[in-house]
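Below, each chain spelled out in residue letters.
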Amino acid sequence: MTAAPQRTESELAAEVAALHEELAALADDRMRAVNAKHGDDHAVNLTKLRAVAKRLKTQPELARALWQTPAEDSTPKLLALLISRPTQYSEAELDAMLREAPTPKVHEWLVSYLGKKSPHREALREAWFADADPVVASAGWALTSDRVAKAPAGEVPDGLDLDALLDQIEAEMKDAPERLQWAMNQCLAEIGIHDASRRGRAIAIGERLEVLKYYPTPPNCTSPFAPIWIDEMVRRAESA
(Lines give C-alpha, C1' and ligand atoms only; values in the text may rest on other atoms or scores of the structure.)
Protein backbone atom coordinates (compact mmCIF):
# COMPACT_ATOMS: atom_id res chain seq x y z
CA MET A 1 0.00 0.00 0.00
CA THR A 2 1.36 3.42 -0.91
CA ALA A 3 1.77 5.70 2.10
CA ALA A 4 -0.33 8.85 2.21
CA PRO A 5 1.70 11.90 1.16
CA GLN A 6 2.93 14.20 3.91
CA ARG A 7 0.63 17.19 4.34
CA THR A 8 1.58 20.70 5.24
CA GLU A 9 0.16 21.99 8.50
CA SER A 10 -2.45 24.02 6.65
CA GLU A 11 -3.46 21.06 4.47
CA LEU A 12 -3.87 18.86 7.52
CA ALA A 13 -5.95 21.49 9.29
CA ALA A 14 -8.17 21.84 6.21
CA GLU A 15 -8.70 18.08 6.01
CA VAL A 16 -9.58 17.90 9.70
CA ALA A 17 -12.04 20.76 9.28
CA ALA A 18 -13.64 19.04 6.29
CA LEU A 19 -14.01 15.82 8.26
CA HIS A 20 -15.62 17.71 11.13
CA GLU A 21 -18.16 19.09 8.68
CA GLU A 22 -18.77 15.64 7.18
CA LEU A 23 -19.34 14.12 10.62
CA ALA A 24 -21.65 16.95 11.62
CA ALA A 25 -23.73 16.30 8.50
CA LEU A 26 -24.06 12.63 9.48
CA ALA A 27 -25.19 13.47 13.02
CA ASP A 28 -28.66 12.42 14.16
CA ASP A 29 -30.09 14.05 17.28
CA ARG A 30 -32.22 11.00 18.02
CA MET A 31 -29.13 8.82 18.08
CA ARG A 32 -27.40 11.33 20.33
CA ALA A 33 -30.28 11.07 22.78
CA VAL A 34 -30.11 7.26 22.79
CA ASN A 35 -26.35 7.26 23.29
CA ALA A 36 -26.61 9.81 26.08
CA LYS A 37 -28.43 7.20 28.17
CA HIS A 38 -25.19 5.19 28.17
CA GLY A 39 -22.94 8.17 28.92
CA ASP A 40 -21.89 8.66 25.29
CA ASP A 41 -22.26 11.83 23.23
CA HIS A 42 -21.73 10.78 19.61
CA ALA A 43 -24.63 11.23 17.19
CA VAL A 44 -23.26 9.42 14.13
CA ASN A 45 -24.33 5.88 13.31
CA LEU A 46 -21.25 3.72 13.89
CA THR A 47 -21.74 1.82 10.64
CA LYS A 48 -21.59 5.13 8.78
CA LEU A 49 -18.55 6.17 10.82
CA ARG A 50 -16.78 2.94 9.91
CA ALA A 51 -17.56 3.63 6.24
CA VAL A 52 -15.77 6.98 6.52
CA ALA A 53 -12.82 5.24 8.17
CA LYS A 54 -12.73 2.58 5.44
CA ARG A 55 -12.51 5.33 2.83
CA LEU A 56 -9.70 7.10 4.68
CA LYS A 57 -7.77 3.91 5.51
CA THR A 58 -4.97 3.98 8.10
CA GLN A 59 -3.55 7.48 8.42
CA PRO A 60 -1.51 8.03 11.61
CA GLU A 61 -0.86 11.73 10.98
CA LEU A 62 -4.53 12.48 10.38
CA ALA A 63 -5.54 10.31 13.33
CA ARG A 64 -3.36 12.35 15.69
CA ALA A 65 -4.79 15.60 14.37
CA LEU A 66 -8.39 14.40 14.72
CA TRP A 67 -7.76 13.25 18.28
CA GLN A 68 -6.20 16.55 19.31
CA THR A 69 -8.66 18.91 17.61
CA PRO A 70 -11.45 20.26 19.86
CA ALA A 71 -14.93 19.10 18.86
CA GLU A 72 -18.51 19.35 20.09
CA ASP A 73 -18.65 15.61 20.75
CA SER A 74 -16.41 12.55 20.71
CA THR A 75 -17.09 11.46 17.12
CA PRO A 76 -13.77 12.76 15.71
CA LYS A 77 -11.92 10.85 18.43
CA LEU A 78 -13.78 7.66 17.49
CA LEU A 79 -12.80 8.19 13.86
CA ALA A 80 -9.21 8.86 14.92
CA LEU A 81 -9.09 5.48 16.66
CA LEU A 82 -10.41 3.71 13.56
CA ILE A 83 -7.69 5.14 11.31
CA SER A 84 -4.84 4.82 13.83
CA ARG A 85 -2.01 2.31 13.74
CA PRO A 86 -1.50 0.71 17.20
CA THR A 87 2.28 0.93 16.87
CA GLN A 88 2.25 4.68 16.28
CA TYR A 89 1.70 5.56 19.93
CA SER A 90 4.15 5.34 22.81
CA GLU A 91 3.22 3.90 26.18
CA ALA A 92 3.00 7.42 27.63
CA GLU A 93 0.78 8.61 24.77
CA LEU A 94 -1.67 5.74 25.18
CA ASP A 95 -1.81 6.32 28.91
CA ALA A 96 -2.58 10.02 28.37
CA MET A 97 -5.19 9.22 25.72
CA LEU A 98 -6.98 6.79 28.02
CA ARG A 99 -7.10 9.34 30.81
CA GLU A 100 -8.58 11.96 28.52
CA ALA A 101 -11.05 9.60 26.82
CA PRO A 102 -14.29 11.55 27.27
CA THR A 103 -16.89 8.78 26.99
CA PRO A 104 -17.29 5.02 27.56
CA LYS A 105 -17.29 4.30 23.81
CA VAL A 106 -14.01 6.15 23.25
CA HIS A 107 -12.53 4.34 26.25
CA GLU A 108 -13.74 0.96 24.94
CA TRP A 109 -12.41 1.49 21.41
CA LEU A 110 -9.08 2.84 22.62
CA VAL A 111 -8.52 -0.27 24.75
CA SER A 112 -9.79 -2.67 22.05
CA TYR A 113 -8.23 -1.17 18.93
CA LEU A 114 -5.00 0.26 20.33
CA GLY A 115 -4.31 -1.02 23.83
CA LYS A 116 -4.79 -4.73 23.05
CA LYS A 117 -2.65 -4.47 19.91
CA SER A 118 0.06 -2.18 21.24
CA PRO A 119 3.62 -3.42 21.76
CA HIS A 120 3.30 -1.72 25.18
CA ARG A 121 0.15 -3.61 26.17
CA GLU A 122 1.67 -5.58 29.06
CA ALA A 123 3.27 -2.53 30.65
CA LEU A 124 0.00 -0.65 30.22
CA ARG A 125 -1.99 -3.56 31.64
CA GLU A 126 0.09 -3.62 34.80
CA ALA A 127 0.01 0.16 35.26
CA TRP A 128 -3.70 0.55 34.57
CA PHE A 129 -4.69 -2.48 36.63
CA ALA A 130 -3.12 -0.92 39.74
CA ASP A 131 -4.43 2.61 39.12
CA ALA A 132 -6.52 4.29 41.81
CA ASP A 133 -8.96 5.65 39.20
CA PRO A 134 -11.59 2.91 38.71
CA VAL A 135 -12.14 3.87 35.07
CA VAL A 136 -8.43 3.55 34.33
CA ALA A 137 -8.29 0.33 36.36
CA SER A 138 -11.13 -1.08 34.25
CA ALA A 139 -8.83 -0.82 31.22
CA GLY A 140 -6.22 -2.88 33.06
CA TRP A 141 -8.84 -5.51 33.82
CA ALA A 142 -9.93 -5.50 30.15
CA LEU A 143 -6.37 -6.20 29.03
CA THR A 144 -6.11 -8.91 31.67
CA SER A 145 -9.30 -10.55 30.38
CA ASP A 146 -7.86 -10.43 26.87
CA ARG A 147 -4.75 -12.29 28.02
CA VAL A 148 -6.85 -14.94 29.76
CA ALA A 149 -9.03 -15.42 26.67
CA LYS A 150 -6.07 -15.71 24.29
CA ALA A 151 -4.01 -18.14 26.35
CA PRO A 152 -3.57 -21.63 24.84
CA ALA A 153 -6.07 -24.13 26.21
CA GLY A 154 -5.10 -25.40 29.64
CA GLU A 155 -2.31 -22.86 30.10
CA VAL A 156 -2.10 -19.95 32.55
CA PRO A 157 -0.83 -16.77 30.87
CA ASP A 158 2.72 -15.86 31.93
CA GLY A 159 2.74 -13.33 34.74
CA LEU A 160 -0.89 -13.84 35.75
CA ASP A 161 -2.03 -15.43 39.00
CA LEU A 162 -5.57 -16.56 38.24
CA ASP A 163 -6.26 -17.59 41.83
CA ALA A 164 -5.23 -14.14 43.05
CA LEU A 165 -7.48 -12.56 40.41
CA LEU A 166 -10.40 -14.65 41.62
CA ASP A 167 -9.61 -13.67 45.20
CA GLN A 168 -9.67 -9.98 44.24
CA ILE A 169 -12.87 -10.34 42.22
CA GLU A 170 -14.55 -12.15 45.10
CA ALA A 171 -13.51 -9.43 47.54
CA GLU A 172 -14.08 -6.30 45.44
CA MET A 173 -16.44 -6.82 42.50
CA LYS A 174 -19.71 -6.57 44.42
CA ASP A 175 -19.08 -2.97 45.49
CA ALA A 176 -16.90 -1.79 42.60
CA PRO A 177 -17.96 1.26 40.53
CA GLU A 178 -19.98 0.30 37.47
CA ARG A 179 -17.34 0.30 34.73
CA LEU A 180 -14.78 -1.43 36.92
CA GLN A 181 -17.42 -3.94 38.01
CA TRP A 182 -18.23 -4.80 34.37
CA ALA A 183 -14.53 -5.29 33.60
CA MET A 184 -13.98 -7.50 36.65
CA ASN A 185 -17.10 -9.49 35.77
CA GLN A 186 -15.74 -10.10 32.27
CA CYS A 187 -12.47 -11.35 33.74
CA LEU A 188 -14.41 -13.69 36.04
CA ALA A 189 -16.30 -15.06 33.05
CA GLU A 190 -13.17 -15.45 30.90
CA ILE A 191 -11.42 -17.42 33.65
CA GLY A 192 -14.45 -19.68 33.99
CA ILE A 193 -14.75 -20.15 30.23
CA HIS A 194 -11.09 -20.85 29.48
CA ASP A 195 -9.80 -22.57 32.63
CA ALA A 196 -11.67 -25.77 33.38
CA SER A 197 -9.82 -26.27 36.66
CA ARG A 198 -11.10 -22.96 38.02
CA ARG A 199 -14.51 -23.03 36.34
CA GLY A 200 -16.36 -24.29 39.40
CA ARG A 201 -14.94 -21.56 41.61
CA ALA A 202 -15.66 -18.84 39.03
CA ILE A 203 -19.29 -19.97 38.76
CA ALA A 204 -19.60 -20.15 42.56
CA ILE A 205 -18.27 -16.59 42.93
CA GLY A 206 -20.74 -15.33 40.36
CA GLU A 207 -23.64 -17.11 42.01
CA ARG A 208 -22.75 -15.76 45.44
CA LEU A 209 -22.16 -12.15 44.39
CA GLU A 210 -25.10 -12.05 41.92
CA VAL A 211 -23.46 -9.18 39.99
CA LEU A 212 -25.52 -8.48 36.82
CA LYS A 213 -27.82 -11.41 37.62
CA TYR A 214 -30.88 -9.32 36.84
CA TYR A 215 -29.39 -7.27 34.00
CA PRO A 216 -32.00 -7.01 31.19
CA THR A 217 -30.78 -9.12 28.29
CA PRO A 218 -32.36 -8.90 24.80
CA PRO A 219 -33.69 -12.09 23.20
CA ASN A 220 -31.00 -14.25 21.55
CA CYS A 221 -28.25 -12.53 23.56
CA THR A 222 -26.20 -14.12 26.33
CA SER A 223 -26.68 -12.74 29.83
CA PRO A 224 -23.65 -10.95 31.34
CA PHE A 225 -24.32 -12.82 34.61
CA ALA A 226 -21.10 -14.82 34.87
CA PRO A 227 -22.53 -18.29 35.65
CA ILE A 228 -24.90 -18.12 32.66
CA TRP A 229 -22.22 -16.58 30.43
CA ILE A 230 -19.69 -19.28 31.35
CA ASP A 231 -22.13 -22.16 30.87
CA GLU A 232 -23.28 -20.86 27.49
CA MET A 233 -19.81 -20.30 26.07
CA VAL A 234 -18.56 -23.68 27.30
CA ARG A 235 -21.65 -25.34 25.79
CA ARG A 236 -20.96 -23.68 22.43
CA ALA A 237 -17.32 -24.72 22.48
CA GLU A 238 -18.19 -28.31 23.30
CA SER A 239 -20.82 -28.52 20.56
CA ALA A 240 -18.65 -26.91 17.89
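Relevant structure appears above.
Residues numbered from 1 in each chain as written. Predicted model: local features only at pLDDT ≥ 70, side-chain atom pairs only at ≥ 80, totals over all residues. Heavy atoms only, no water.

1. Examining the packing of helix 1 (residues 9–26) against helix 4 (residues 60–68)
Our working definition: Axes here mean lines fitted to C-alpha atoms, for a helix over just the part in contact, with angles spanning 0 to 180 degrees between N-to-C directions. Per the convention used, a helix needs a DSSP run of H or I reaching at least four residues, while a strand needs a run of E reaching at least two, with both numbered from the N terminus. Here a crossing is called left-handed whenever its near helix is offset anticlockwise from the far helix by less than a right angle, and right-handed whenever the offset is clockwise. Any two residues whose heavy atoms approach within 4.5 Å at even a single point are treated as in contact. Side-chain classes are defined by residue name, with Ala, Val, Leu, Ile, Met, Phe, Trp, Tyr, Cys and Pro counting as nonpolar, Asp, Glu, Lys and Arg as charged, and the others, Gly among them, as polar.
At a minimum axis separation of 10 Å, helix 1 and helix 4 run at an interaxial angle of 65 degrees. Handedness of the crossing formed by helix 1 with helix 4: right-handed. Only Glu61, Leu62, Ala65 and Leu66 of helix 4 make contact with helix 1, whose side of the interface consists of Leu12, Glu15, Val16, Leu19 and His20. Among the residues forming the contact of helix 1 with helix 4, the class breakdown is six nonpolar, one polar and two charged.

2. Side note on helix 12 (residues 196–209)
Rules: Take the number of residues in a helix, subtract one, and multiply by 1.5 Å to get its expected span. Burial status follows relative accessibility: with a 1.4 Å probe on protein chains alone, a residue under 20% of its type maximum counts as buried, one over 50% as exposed, and anything between as partly exposed. Working note: the arc is built from the helix axis to C-beta atom directions.
Helix length check: helix 12 (14 residues) gives 20 Å between terminal C-alpha atoms against 20 Å at 1.5 Å per residue, within 8%. For helix 12, the complete set of buried residues consists of Arg198, Ala202, Ile203, Ile205, Gly206 and Leu209. Axial view of helix 12: buried residues confined to an arc of 160 degrees, hence all on one face. Facing away from the buried side of helix 12 by more than 90 degrees, the exposed set consists of Gly200 and Arg208. Contact partners of the buried residues in helix 12: helix 10 (162–172), helix 11 (178–194) and helix 13 (226–239). Count one or two residues on from helix 12 and you reach Glu210, which has phi positive near 60 degrees.

3. As for the packing of helix 8 (residues 121–129) against helix 9 (residues 134–150)
Under the convention used in this document: An angle counts as roughly parallel when it lies under 35 degrees, as roughly antiparallel when it exceeds 145, as roughly perpendicular when it falls between 65 and 115, and as oblique in every other case.
Put simply, helix 8 and helix 9 touch, their axes get as near as 7 Å, and they point 135 degrees apart. It follows that helix 8 is oblique to helix 9 by the angle criterion. Handedness of the crossing formed by helix 8 with helix 9: left-handed. Residues Arg121, Glu122, Leu124, Arg125, Trp128 and Phe129 of helix 8 touch helix 9, and the partners they reach there are Val136, Ala137, Ala139, Gly140, Trp141, Leu143, Thr144 and Arg147.

4. A word on the environment of Ala226
Along the polypeptide, Ala226 turns up in helix 13. Along the chain, Ala226 and Ala17 lie 209 residues apart, while their C-alpha atoms are 45 Å from each other. Not counting residues up to four positions away in its chain, the partners in contact with Ala226 are Asn185 and Leu188.

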